[in-house]
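# Per-entry structural report
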Amino acid sequence: MHEDPVQLVEAIATAVREGDDRRIGLLLGRLKYVADVSHLIQLRRTLYSYDG
């Protein structure tokens, strides 16, 4: 199954905003197989810009 890492990054950010720890874990588990460094940097930027 091919997954879009950009969509996974967005889904992780949404799960973080919602406080859904279980979903965060599942999505990170999937991201680790499809992400490259640029996706990880984007995830970091997205999470650091969150004002939660």
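Details of the structure are given in the entry above.
Model, not experiment: these values are computed from the prediction.

## Observations concerning the environment of R23
- Its place among the elements puts R23 in helix α2 (residues 21–34).
- With relative accessibility at 32%, the residue R23 sits in the partly exposed group.
- As for R23 and A11, which are separated by 12 residues in sequence, their C-alpha atoms are 9.0 Å apart.
- Ignoring any residue separated from it by four or fewer positions in sequence, one finds R23 in contact with A11, T14, A15 and E18.

## Topic: the nonpolar core
- In this structure, L8, V9, A11, I12, A15, I24, L27, L31 and L43 together form the largest nonpolar core, which totals 9 residues.
- Counting residues per element, the ones that place at least two in this core are α1 (5–18) and α2.
- At 5 residues, α1 tops the list of elements feeding residues into this core.
- Other than its neighbours up to four places away in sequence, L8 contacts E3, L27, R30, L31 and V34.

## A word on the packing of α1 against helix α3 (residues 37–48)
- Where α1 meets α3, the closest approach of the two axes is 10 Å, and the angle between their N-to-C directions is 25°. Taken together, the axes of α1 and α3 lie roughly parallel to each other. Along this stretch, α1 crosses α3, giving a crossing that reads as right-handed. Here P5, V6, V9, I12, A13 and V16 of α1 lie close against α3, whose contacting residues are H39, Q42, L43, T46 and L47.
- Each residue belonging to the contact of α1 with α3 can be placed in one class, and the counts come to 8 nonpolar, 3 polar and no charged.

## What about α1?
- Relative to the 20 Å expected for 14 residues at 1.5 Å per residue, α1 spans 20 Å between its end C-alpha atoms, a close match to the ideal helical length.
- What α1 keeps buried is the set P5, L8, V9, A11, I12, A13 and A15.
- Looking at the buried residues of α1, the elements they touch are α2 and α3.
- The N-cap residue of α1 is D4: its side-chain oxygen and the backbone nitrogen of V6 are 3.1 Å apart.
- G19 occupies a position one or two residues after α1 and carries a positive phi of about 70°.

Reading guide: rules and limits
- Residue numbers restart at each chain and count upward from 1, following the sequence in its written direction.
- Local features in this predicted model are restricted to residues whose pLDDT is 70 or higher, and side-chain atom pairs enter the listing and the counts only when it is 80 or higher, whereas totals over whole chains, interfaces and linings include all residues.
- Where side-chain values are given, they derive from all heavy atoms of the structure, hydrogens and water being excluded.
- Only DSSP runs of H or I reaching four residues or more are called helices, and only runs of E reaching two or more are called strands; each is numbered from the N terminus.
- To sort residues, take the accessible area from a 1.4 Å probe on protein chains only and compare it with the maximum for the residue type: under 20% means buried, over 50% means exposed, and anything in between is partly exposed.
- Whether two residues are in contact is decided by their heavy atoms: any pair within 4.5 Å suffices.
- Within this scheme, the nonpolar core is defined by two criteria: the residues are buried Ala, Val, Leu, Ile, Met, Phe, Trp, Tyr or Cys, and they are joined through side-chain atoms within 4.5 Å.
- Helix axes are fitted to C-alpha atoms over the stretch in contact, other axes to C-alpha atoms as well, and angles between N-to-C directions run from 0 to 180 degrees.
- Roughly parallel here means an angle under 35 degrees, roughly antiparallel means over 145, roughly perpendicular means 65 to 115, and every remaining angle is called oblique.
- For a crossing to be left-handed, the near helix must be turned anticlockwise from the far one by less than a right angle; the clockwise case is right-handed.
- When residues are sorted by character, Ala, Val, Leu, Ile, Met, Phe, Trp, Tyr, Cys and Pro go into the nonpolar class, Asp, Glu, Lys and Arg into the charged class, and all the rest, Gly among them, into the polar class.
- Given the number of residues in a helix, its expected span is that number minus one, multiplied by 1.5 Å.
- Counted as a polar contact is a pair of N or O atoms within 3.5 Å, where, for protein atoms, one must be capable of donating a hydrogen and the other of accepting one, and residues adjacent in sequence contribute only when both atoms are in side chains.

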